[in-house]
Amino acid sequence: MTTKVTVNPRRAIGPLGKRVYGGFVEHLGRCIYGGLYEPGSALSDERGFRTDVLDLLRDLRVPVLRWPGGNFVSNYHWADGIGPVQERPSRPELAWGGAEPNTFGTDEFIAYCRALGAEPYICLNMGTGTLEEALNWVEYCNVPGGTTWSERRREGGHPEPYGVEWWGLGNEMYGDWQTGSMSAEEYIAEATRWARALRALSPGARFVACGESGWSEWDLKVAPALASLVELYSVHIYTGSEDYWSNLLAPHMAERAIGILKGVLSQAAYAQGLSRPPRIAYDEWNVWFRTNGGGLEERYAFQDALAVGTYLNIFVRNCDWVEMANLAQMVNAIAPIVTTPTAAVRQPIYHPLLLHVQGHEGTAVDCFVDGPTVEAPEELRTRWPHRVRDLGPFGLLDCASTVSSDGSHMALTVVNRSSSQERVVLDAIGGIEGPVEVTTLTAGGRTELADVEGVVTTRSSERTVEGRLELDLPASSFSLLRAPLAG
Ligand code: AHR
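In this text, all values refer to a predicted model and were calculated from it rather than measured experimentally.

A. Inspection of helix 3 (residues 131–142) at higher detail. In a regular helix each residue adds 1.5 Å, so twelve residues correspond to 16 Å; helix 3 covers 16 Å between its end C-alpha atoms and thus fits that length. Among the twelve residues in helix 3, ten count as buried, and that is most of the element. Residues of helix 3 that are buried: Leu-131, Glu-133, Ala-134, Asn-136, Trp-137, Val-138, Glu-139, Tyr-140, Cys-141 and Asn-142. Its buried side turned inward, helix 3 meets strand 3 (64–67), helix 2 (106–116), strand 6 (119–123), helix 4 (148–155), strand 7 (166–168) and helix 5 (184–201).

B. How the structure looks around the domain arrangement of the protein chain. As assigned here, the protein chain comprises domain 1 (2–9 + 365–484) and domain 2 (17–360). Put simply, the middle of domain 1 and the middle of domain 2, counted by C-alpha atoms, are 29 Å apart. With 45 residues of domain 1 in contact, the opposing surface of domain 2 contributes 34 residues. Taken together, both faces of the contact between domain 1 and domain 2 bury some 3400 Å²; the carbon and sulfur share is 65%. Asp-398 is the salt-bridge partner of Arg-317, the closest N and O atoms lying 3.1 Å from each other. Counting across the interface, domain 1 meets domain 2 through 13 residue pairs in polar contact (both at pLDDT 80 or more). Within the residue set of the side of domain 1 that touches domain 2, elements represented by two or more residues are helix 11 (378–383), helix 12 (385–388), strand 17 (397–403), strand 18 (409–416), strand 20 (436–442) and strand 23 (477–484). Taken together, the residues of the side of domain 1 that touches domain 2 break down into 22 nonpolar, eleven polar and twelve charged.

C. Expanded view of the packing of aromatic side chains. Evaluation of the coordinates by the stated rule reveals 24 aromatic pairs. Centre to centre, the rings of Phe-72 and Tyr-76 are 5.1 Å apart; their planes meet at 40°, and the pair counts as tilted. A relative accessible area of 3% places Tyr-76 in the buried class. A centroid spacing of 6.1 Å and a plane angle of 75° characterise the contact between Trp-137 and Trp-167, whose relative ring orientation is edge-to-face. Remark: Trp-167 occurs in strand 7 and Trp-137 occurs in helix 3; sequence separation between them is 30 residues. Given a relative accessible area of 2%, Trp-137 falls into the buried group. Cation over ring: Arg-279 sits above Trp-321, and NZ or CZ is 4.4 Å from the ring centre. Looking at Arg-383, its charged tip hangs above the ring of Trp-384, at a distance of 4.6 Å from the centre.

Criteria and cut-off values
Residues numbered from 1 in each chain as written. Predicted model: local features only at pLDDT ≥ 70, side-chain atom pairs only at ≥ 80, totals over all residues. Heavy atoms only, no water. Helix = DSSP H or I, 4+ residues; strand = E, 2+ residues; numbered from the N terminus. Expected span 1.5 Å × (residues − 1). Buried < 20%, exposed > 50% of the residue type's maximum accessible area, 1.4 Å probe, protein only. Contact = heavy atoms within 4.5 Å. Domains from an automatic or database assignment. Buried area = accessible area lost by both parts, 1.4 Å probe. Salt bridge = Lys/Arg side-chain N within 4 Å of Asp/Glu carboxyl O. Polar contact = N/O pair within 3.5 Å; in protein donor to acceptor, adjacent residues only side chain to side chain. Nonpolar A, V, L, I, M, F, W, Y, C, P; charged D, E, K, R; others polar. Phe/Tyr/Trp six-rings, centres within 6.5 Å; stacked < 30°, edge-to-face > 60°. Lys NZ or Arg CZ within 6 Å of the ring centre and 35° of its normal.

As structure tokens, then:
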């Protein structure tokens, strides 16, 4: 079957902020310890950073890294994690069990972000933590010197302030699994106090409020109440299923959440006379359904890579509202990178992220996809009846497009969800001029394939005829097409 994709470089959605390709690392299982941080390993540098992991993350050009949790943060006392490593206390870990050794703390995190070239994004403990502790943490990071905590940083060998801009006001505070969870009313009162006090200390700080799914009662109360105090409103989404179609189509629930939040945040901004509504941070998202213990060491199949490619397309298509998104997580725990004592390997979900980062920049633009569609399967409708009921039909091909900053090229990412080869006719208003570079990920049709290195990447250069490209995309594949635009 044929799908016609028409990219309109003049219909801009908005600038594609690179923060949609952000990451998240938590003190959970082997994400930090034995993942990105392993002092004593032959693969680690003098700071204890696994260089093989760092290299793979650098390839992903992670622009912003959220830390230290997740559920973990709601009983994390940051001051335990500074000072001489051998003097740091070990504490009970309430979210995932075991003990937290505190050998990786704020200084190590900042050093890691710098090594990676990522902005730090610190989530505050609103569970067992106090406002005073949070103020101390911001002081430690952002005050140049001359105060108790800024001097502690300087004494530790870090004379310059860290300048941490992004601060999360708690993690999933609505959930009973969260240490110190709250009602929406309690959270609004607490987060209001925190945001005001923290901003007084660090006026340049940018705050992220703790939202839920985007469509819950919590969101309808919390988003308007905090709209004037925060830059971003956070939501989380995890989906996944053994059922191929459910797995691939569930990410569209994120589009539902974005749509609802656009309305809620716009209404709040209008009613409160704000110059700009807060934007959305999808600061945890991923495919996750196989594991619930054991450090969440999910082994991903190729169909999960297609779902991840769909999520990323959704964030690009909605980048006027989604300012930040953080893949949860980056190493070992539900992650694209898995470590062994001797290597760091890439799971299938690594690859669509890599192609997105390599392909998209500049401005997200409209693309019209005209072709066969598919309805949400019964499994998905039964599982999430109220969320999925009226979603769909969905294109057999899912697409997102951008035009480079200099206007010379367009990029298109395409998930072909069909179990057969699909013909695509690619066109751009104004025309395509010259050959199109095509990079395609497949697993030979074996969508259940979970072999960590089993994804095949093929590259070709395709000729256009009269400014159009006709191409067959393999069954169950993810592709990046880069094309020069006619002047
Ligand atoms: O990423 C794993 C967990 O999922 C996080 O700790 C929590 O925020 C979410 O529920």
